[in-house]
Amino acid sequence: MPLRERFPIFQSRIHLDSCSYGALSNEVRQAYLEYLDDRDRYGSHWEVWVGKLESLRGTLAQLLNASAAEIAMASCLSNCLNSLASAFDFTGVRNKVLLTDFDFPTTAQIWRAQQRRGAVIGCVPCYPGELTIPAERFAEHIDETTLVVSVPHVCYRNGARLDVRPIIDAAHANGALVFLDCYQSVGSMPIDVKALDVDFAAGGTLKYLVSTAGTAFMYVRDSLIAELEPTTSGWFSQADIHAMDIHKNDPAPNARRFETGTPNVASLYASGAGLQLANEVGLETTQQYVSLLNRTIKEKVKENGFQLATPAADHSHGAMLAIRSTDMQRLVAALQARGISTSCRDGNVRVSAHFYNNSDDVEALFAALSDLRELLVMS
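Residues numbered from 1 in each chain as written. Predicted model: local features only at pLDDT ≥ 70, side-chain atom pairs only at ≥ 80, totals over all residues. Heavy atoms only, no water.

Caption draft 1: A look at the nonpolar core. With 55 residues, the main nonpolar core has Phe 138, Val 149, Val 151 and Val 198 as its most contacted residues. Among the elements that take part in this core, helix 2 (residues 46–64) stands out by supplying six residues, more than any other. Ignoring any residue separated from it by four or fewer positions in sequence, one finds Val 198 in contact with Ile 168, Val 178, Leu 180, Val 193, Tyr 219 and Arg 221. (Core = buried A, V, L, I, M, F, W, Y, C linked by side-chain atoms within 4.5 Å. Buried < 20%, exposed > 50% of the residue type's maximum accessible area, 1.4 Å probe, protein only. Helix = DSSP H or I, 4+ residues; strand = E, 2+ residues; numbered from the N terminus. Contact = heavy atoms within 4.5 Å.)

Caption draft 2: How the structure looks around the sheet that holds strand 6 (residues 177–181). The strand order across the open sheet built from seven strands is 2-8-7-6-5-3-4, with neighbouring strands paired in mixed fashion. At either margin of the open sheet sits one strand with a lone partner, and together these are strand 2 (71–74) and strand 4 (120–124). Taking the axes of each pair of neighbouring strands and ignoring which way they run, one obtains an average angle of 20° across the sheet. Inspection of the sheet shows strand 5 (residues 146–152) paired to strand 6 by five bridges, in the parallel sense. Pairing of Val 148 across the sheet is with Leu 177, part of strand 6. Here helix 3 (residues 77–86) sits on the sheet in contact with strand 2, strand 6, strand 7 (200–204) and strand 8 (216–220), set at roughly 30° to strand 8. (Pairing = 2+ DSSP bridges. Axes fitted to C-alpha atoms, helices over the stretch in contact; angles between N-to-C directions.)

Caption draft 3: Layout of the side chain of His 354. On the secondary structure map, His 354 appears in the loop between strand 12 (348–352) and helix 12 (359–371). On the accessibility criterion, His 354 (0% relative accessible area) is buried. Among the polar contacts listed, one links the side chain of His 354 to the backbone oxygen of Tyr 208, at a separation of 2.9 Å. In this structure, His 354 is in contact with Ser 18, Gly 187, Tyr 208, Val 210, Thr 286, Tyr 289, Val 290 and Leu 293, ignoring residues within four places of it in sequence. (Polar contact = N/O pair within 3.5 Å; in protein donor to acceptor, adjacent residues only side chain to side chain.)

Caption draft 4: Main features of the packing of aromatic side chains. Summed over all chains, the structure comprises 15 aromatic pairs. Centre to centre, the rings of Trp 46 and Trp 235 are 6.0 Å apart; their planes meet at 75°, and the pair counts as edge-to-face. Remark: Trp 235 occurs in the loop between helix 8 (222–225) and helix 9 (265–281) and Trp 46 occurs in helix 2; sequence separation between them is 189 residues. According to the relative accessible area criterion, Trp 46 is partly exposed, its value standing at 33%. Each residue in the set Tyr 35, Trp 46, Trp 49, Trp 235, Phe 236 and Tyr 269 is aromatic and connected to the rest through ring pairs, giving one cluster. When the ring centre of Tyr 269 is taken as reference, the NZ or CZ atom of Lys 52 above it lies at 4.5 Å. The side chain of Lys 207 reaches across the aromatic face of Tyr 183, ending 5.5 Å from its centre. (Phe/Tyr/Trp six-rings, centres within 6.5 Å; stacked < 30°, edge-to-face > 60°. Lys NZ or Arg CZ within 6 Å of the ring centre and 35° of its normal.)

Caption draft 5: Examining the layout of surface pockets more closely. Taken as a whole, the largest pocket spans an internal volume of roughly 360 Å³. Lining the largest pocket we find 24 residues, and of these Phe 104, Thr 106, Tyr 183, Gln 184 and Lys 207 sit closest to its centre. Secondary structure elements with two or more residues in the lining of the largest pocket: helix 3 and helix 4 (105–113). Of the residues belonging to the lining of the largest pocket, the class tally is 12 nonpolar, eight polar and four charged. Arg 161, Leu 162, Asp 163, Val 164 and His 315 are the residues nearest the centre of the second largest pocket, which is lined by 19 residues in total. Residue assignment for the lining of the second largest pocket shows that the elements contributing at least two residues are helix 6 (164–173) and helix 7 (193–196). When its residues are assigned to classes, the lining of the second largest pocket shows 11 nonpolar, four polar and four charged. (1 Å grid on protein atoms, 1.4 Å probe; cavity = no way out; pocket = protein on both sides within 12 Å on 5 of 7 lines; lining within 4 Å. Points joined across faces, edges and corners; volume = space filled by probe spheres on them. Nonpolar A, V, L, I, M, F, W, Y, C, P; charged D, E, K, R; others polar.)

Caption draft 6: Broad picture of the pattern of salt bridges. A complete count under the given rule lists 17 salt bridges for this structure. Across the pair Lys 194 and Glu 70 runs a salt bridge whose closest N-O atoms are separated by 2.7 Å. Here Lys 194 is found in helix 7, whereas its partner Glu 70 is found in the loop between helix 2 and strand 2, with 124 residues between them in sequence. As a salt-bridge pair, Glu 130 and Arg 137 come within 2.7 Å of each other at their nearest N and O atoms. Glu 130 gets classed as partly exposed once you look at its relative accessible area, which sits at 28%. One network of salt bridges, in which partners are shared, links Arg 6, Glu 27 and Glu 280. (Salt bridge = Lys/Arg side-chain N within 4 Å of Asp/Glu carboxyl O.)

Caption draft 7: Structural view of the sheet that holds strand 9 (residues 320–324). Taken in spatial order, the three strands line up as 9-12-11 in an open sheet, and their pairing is antiparallel. Each end of this open sheet is capped by a strand with a single partner; those strands are strand 9 and strand 11 (343–345). Averaged over all pairs of adjacent strands, the angle between strand axes in this sheet comes to 40°, irrespective of strand direction. With five bridges joining them, strand 9 and strand 12 adopt antiparallel strand pairing. Bridge pairing links Ala 322 to Arg 350 in strand 12. Set on the sheet, helix 11 (residues 328–337) makes contact with strand 11 and strand 12; between it and strand 11 the angle comes to about 170°.

This is the structure:
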């Protein structure tokens, strides 16, 4: 079956909102049904379910060029980051967590919650009129008190892609660690945590990994695991999940120590199917194909006199592009009424193509935007 036909949504509408939620494939739908069938057939099927968890862990490790022992699994990124944050000691001189104006609320809120434990919060700004945060600005804010630099790989508001390697180098040169939020990039481009030399990286499967909500992951550099013991815990974080020992907390010697309790079992089925499809297409192929579609989108934005809220250079943005709107909610609703799914943030309509989109989708989008130009900021 041709790739696009494996996503039934395109029979009735155009999905250009993968930055919010990836389209549902036949394979992921069938995986949910398989889970329900297994419930009817076996009732409790824990050996198979734990096997699926470990298989998914291995697939995600390969995706990031990490080892399975460096991958923690969770039901959402918040669980991963809360566990990691709980493992830090903020009582010493090195107690600053550096955020950015591009952080998603989850990362910013969780790090700010550590202020009660002694964390000092700093922020690398994006100044008015800017579309991105230059890498060199991070070096101005990193000092000998910086413990962690929290960096969004791609900004959820406008799609700007940060140049993370110089940021990581600047942090390491000052003895700081780096947490990379790659939720808006993973699945749309190759990410090699070893080549980046990043310390932590986290994301989820519901966007460009075309899977579902309920599965998230966190990479933890192997050399850091032993020195970080989270205060969050649970039976899946233990060295032996089958021990059922209520008289001690015995964290796993690998990244599983950052896990907590029972995983989202239905999502394990679905996420496995989604990742298989993403790997079938290939991340490099996906990135190249979406880049071509995005070049067309950027050209049409310019031709129509609209305003792009995203840095225009190919290397400066992710799969998502943002177009300035005079009323983003009305514009998204008007596009939805025309059978085109998008989303909005920060006064912009967000358009995010993926490997299942085509040039006809782009043409339909701009035919609609031309009719709705009163809801767009003109250049």
